[in-house]
Amino acid sequence: MIAFLIKRLFHALLVMFVISVIAFAIQDNLGDPIQQMVGQSVPESERAQLREELGLNDPFLVQYLRFAINAAQLDFGYSYIFNQPTTEVIARHLPATLELVASATFLIILLSVPIGVYSAIKPRAWLSRFFMGVSIVGISIPVFLTAIVLIQIFAIGVSWTPFPADTAWGAWLNDLVTTEGGMPAYGRGDPVHVIGTWYTNFASPRGLLYLVLPAISLASIMLPLFIRLIRAEMLEVLQSDYIKFARAKGLPLSRIYFLHALKNTMLPVITVGGVQIGTLVAYTILTETVFQWPGMGLMFLDAIERSDIPLIVTYLMIVGLIFVITNTVVDLIYGLVNPTVKLTGKPA
Amino acid sequence: MSLLDVNHLDVRFALRNGDIQALRDVSFSLDRGERLGIVGESGAGKSVAAFSLLNLISKPGYIAGGSIRFDGQELIGQSERALRHIRGHRISMIFQDPMMTLNPVLSIGDQMVECLKAHRRISTHEARGIALHKLVQVQIPSPEARLDQYPHELSGGMRQRVIIAIALLLDPDIIIADEPTTALDVTIQAEIMALLLSLCEKHNVGLILITHDLGVVSQVTQRMLVMYAGRVIEEGPTREIINDPQHPYTQGLMNALPQMATPGSRLNQIPGSMPSLDNLPDGCAFHPRCHFAMRSDGQRRQACYEHVPGFVTSGNCRVACHMVSEMLGYERIPAEETTS
Ligand SMILES: Nc1ncnc2c1ncn2[C@@H]1O[C@H](COP(=O)(O)OP(=O)(O)OP(=O)(O)O)[C@@H](O)[C@H]1O
Ligand SMILES: [Mg+2]
């Protein structure tokens, strides 16, 4: 276990180093911070002096080292927009994003496992074919389209009467395509304060309601992929000898499917899926923009628009860190589920 | 009546361009405690025959006809539920590759206990007791420790011992072993085979042993079947068939054994190879490889080319061959069904 953690820590440091170099290179090449800091009227001589003071004329390596040393102390400088340490800005936006990602992850797991398993067990059932059809379409629909359609149907509402309203069946069909709308689709509502910068949507029914549409549209990015992945893995596992042997032992089908097959199916799914969940953090940029969800994604777009370079760099570093953490957690879970991996370091 | 009676079993695989018939008119029986060997070259249908007994043929395969009577009860057409009660309980199986047969993510103990619990109302504690007892019977070193180990912690030979223990868990009437030692090291093949034999003898368990190894068949089994292209072509007491094979194919198998060749010369392989099931020749499926199908004067022997041979009795054996029926002075006996 210790050996495993040390190894992972080393990996993590390596990954963070690479990300920091990239982030720093971006910082070095993206726009002119002086231009952002001072007004138009400031003369060139003053700008040059400011540049010198900020160390912007130092050699690349010196600048990087200064950056890295500060970064290690979680000091990424001040955000131009907010005029606050960037870490504080991030800390304020992080909970909204994490809650959104957590909700989307929850939805993905809740839906993909049963659907994937069902369509592997009954590949010929019409419901399986329906799920497979929808998922293949789903993979190719861009997230903002999903989001806009969701908003139209559930937030704005649809009043559409394509069928003759004076007949009973027409009225019924019209009713069917008409939706009320009214689901919140803008911002977080008023989340409940938990601790520090953490305000949560999980604590009240109203808060949860605000999460529904953004979480669904974020989940919709990965859901088809997960369903197909689980289905494919499960189909393969069901072909294996040990499943045949389990049947030859006379075990009930439920045990064969949900213990023998599912456990083996989930091993590769955990590895692939865990990485995908990590990337969800990056995908929040689109979702948060459409729903004006005040998380890191929205903040990041803002930062880009206004060349808030320290904030951009901090965002990249934090997202990288989240990525590294999720991967480590995924590996830990994998090791706990898979008996052939020994985390304990004891000889097998 | 025997414990197991298989009659005219017809198994097909539904493929895109029509069915292929993997078993044609397969009949055999097994008495209580009897050991039956099934031999034949790869693709002859041995495994299909074994798996169809418990209706476990893999997907496009289905039983198209025939009857399987076990202990007075017809198995074909039984519900999954009824079959489940027989699988692992009254008829259990041992597979070819012990590396693939056990579930890699479940402990040995769990995989044994679940089998007992599927068929008996007992506590986990009791079940573990029985499991341990069976592990002792298969002579696995430090059996208690094995219960909590996972398959990857055991060698192939040990895993096959565990699988034999699982097959014996519920004191079945019959064990079907499909090439139980093929995947193992040569050095432990004999050991595992001897273990299986002694346990079957001791507990009076019937054994259907599928193998390529005629030596094993003659040591272990009392009766044997020879299969070729989905049919049984010779059947009878193992001793008689080994000592005096009647069918030219069986004779060829015996001659192909290394000990039959003069030292230093080439092995006596049967020329040609078994036809694929979707492209069987007319008449006797073996005729393209059979010396008898061609007369000494270069003329074809029409029967071999046109008619599927029916069984004739020779001593205590049944043989499906035109040559044998001619030698024994039978009129040509038509097979019960002819190939389409
Ligand atoms: N899943 C399947 N799909 C289609 N055809 C199959 C399938 N399984 C078996 N067959 C057909 O059945 C025939 C017999 O296969 P089987 O596995 O019983 O051979 P075998 O005698 O056990 O050979 P081996 O000694 O190699 O194990 C094969 O030649 C093949 O044509
Ligand atoms: Mg086989």
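What you see is a predicted model, and the numbers here were worked out from it, not measured in a lab.

Undergrad: How do you make sense of the overall build of chain B when you look at a structure like this?
TA: Broken down by element type, chain B carries 13 helices and 12 strands. Taken along the three principal axes of its C-alpha coordinates, chain B extends 75 × 50 × 40 Å. Counting all 340 residues of chain B, 55% fall into the buried class. Sequence separation of at least 24 residues holds for 64% of the intrachain contacts in chain B that already meet a minimum separation of 6. Of note, chain B has its 31 positive side-chain charges centred 4 Å away from the centre of its 37 negative side-chain charges.

Undergrad: Mind showing me how you'd approach the UniProt feature "transmembrane region" (unreviewed entry) in chain A here?
TA: All names here are of chain A. Annotation from UniProt places "transmembrane region" (unreviewed entry) at residues 9-27, 100-118, 130-156, 208-230, 265-286 and 309-337. Annotation note: span residues 100-118, helix share 100%, strand share 0%, distance between end C-alpha atoms 27 Å. In the segment residues 309-337, helix accounts for 100% and strand for 0%; the C-alpha atoms at its two ends are 42 Å apart.

Undergrad: Is there a simple way to think about the interface of chain B and chain A in this case?
TA: Where interface size is quoted, it is often the accessible area lost as the parts come together. The interface of chain B with chain A comprises 27 residues on the first partner and 20 residues on the second. Across the chain B/chain A interface, buried area totals approximately 2,300 Å², and carbon plus sulfur atoms make up 63% of it. Summed over the shared surface of chain B and chain A, the number is three salt bridges. Here A:K249 and B:E114 are joined by a salt bridge, their closest N and O atoms 2.8 Å apart. Counting the contacts that link chain B with chain A gives 11 residue pairs in polar contact (both at pLDDT 80 or more). Elements that contribute at least two residues to the side of chain B that touches chain A include exactly helix 2 (80-86), helix 3 (98-101), helix 4 (108-119) and helix 7 (156-168) of chain B.

Undergrad: Would you mind showing me how to read unusual backbone geometry here?
TA: Note: most residues except glycine have negative phi, and most peptide bonds are trans. Residue and element names in this part refer to chain A. One non-glycine residue, Q292, lies in the positive phi region at around 50 degrees. Within the element layout of this structure, Q292 appears in the loop between helix 11 (253-291) and helix 12 (296-305). Accessibility expressed as a relative area gives 31% for Q292, which makes it partly exposed.

Undergrad: What should I look at first to understand the nonpolar core in this one?
TA: For soluble globular proteins, the rule of thumb is that nonpolar side chains tend to be buried together. Among the nonpolar cores identified, the biggest contains 110 residues, and B:L4, B:F28, B:M93, B:M112, B:I164, B:I174 and B:I208 are the most heavily contacted of them. Here this core takes eight residues from helix 7 of chain B, the largest share from any one element. Membership of the second largest hydrophobic core comes to 33 residues, among which are A:I115, A:A303, A:I312 and A:V319.

Undergrad: Help me understand the sheet that holds strand 4 (residues 61-70) of chain B, please; the structure alone is not making it clear to me.
TA: Two modes of strand pairing occur in sheets, parallel and antiparallel, and in both the strands are linked by backbone hydrogen bonds. Residue and element names in this part refer to chain B. The strand order across the open sheet built from four strands is 2-1-4-5, with neighbouring strands paired in antiparallel fashion. Each edge of the open sheet is held by one strand with a lone partner, namely strand 2 (18-30) and strand 5 (73-74). Where strand 1 (residues 4-15) and strand 4 come together, eight bridges link them in antiparallel fashion. Following the sheet pairing, V6 is matched in strand 4 by I68. Sitting on the sheet, helix 1 (residues 46-53) touches strand 1, strand 2 and strand 4, and the angle it makes with strand 1 is about 110 degrees.

Undergrad: How should the pairing of strand 9 (residues 223-228) of chain B be read in this particular structure?
TA: In summary, the side chains of a regular strand alternate between the two faces of the sheet. Residue and element names in this part refer to chain B. Of all six residues in strand 9, six are buried; the element is thus mostly enclosed. With burial as the criterion, each face of strand 9 is covered, one bearing R223, L225 and M227 and the other bearing M224, V226 and Y228. Sheet analysis places strand 9 next to strand 10 (residues 231-237), joined by six bridges and oriented antiparallel. Counted as the bridge partner of V226 is E234 from strand 10.

The rules behind these values
Within every chain, residues take consecutive numbers counted from 1 along the sequence as written. Both sets of labels track the order of writing: A upward for chains, 1 upward for ligands. Since the coordinates come from a predicted model, pLDDT governs what is reported: local features require at least 70, and pairs of side-chain atoms require 80 or more to be given and counted, while whole-chain, interface and lining totals use all residues. Each side-chain value is worked out from all heavy atoms of the structure, with water and hydrogens disregarded. Counting from the N terminus, the helices are the DSSP runs of H or I reaching at least four residues and the strands are the DSSP runs of E reaching at least two. Summary of the burial criterion: residues with accessible area below 20% of their type's maximum are buried, those above 50% are exposed, and those between are partly exposed, where the area comes from a 1.4 Å probe applied to protein chains only. When checking whether two residues touch, look at their non-hydrogen atoms; a contact exists if any pair is within 4.5 Å. Counting rule for charge: Lys and Arg are taken as positive, Asp and Glu as negative, and neither His nor the chain ends is counted. To locate a charge, take NZ of a lysine, CZ of an arginine, CG of an aspartate or CD of a glutamate. UniProt positions are given in the numbering used here, feature names are shortened, and annotations may be inferred rather than shown by experiment. The term buried area denotes the loss of accessible surface (1.4 Å probe radius) that occurs when two parts are joined, taken as the sum for both partners. Should a side-chain nitrogen of Lys or Arg be within 4 Å of a carboxyl oxygen of Asp or Glu, the pair is scored as a salt bridge. Polar contacts, as counted here, are pairs of nitrogen or oxygen atoms within 3.5 Å of one another; within protein the pair requires one atom able to donate a hydrogen and one able to accept it, and residues that are adjacent in sequence qualify only if both atoms are side-chain atoms. In plain words, nonpolar cores are sets of buried Ala, Val, Leu, Ile, Met, Phe, Trp, Tyr and Cys residues tied together by side-chain atoms within 4.5 Å. Strands were regarded as paired on the criterion that DSSP finds at least two bridges between them. Lines fitted to C-alpha atoms define the axes here, with helix axes fitted over just the stretch in contact, and angles between the N-to-C directions of these axes take values from 0 to 180 degrees.

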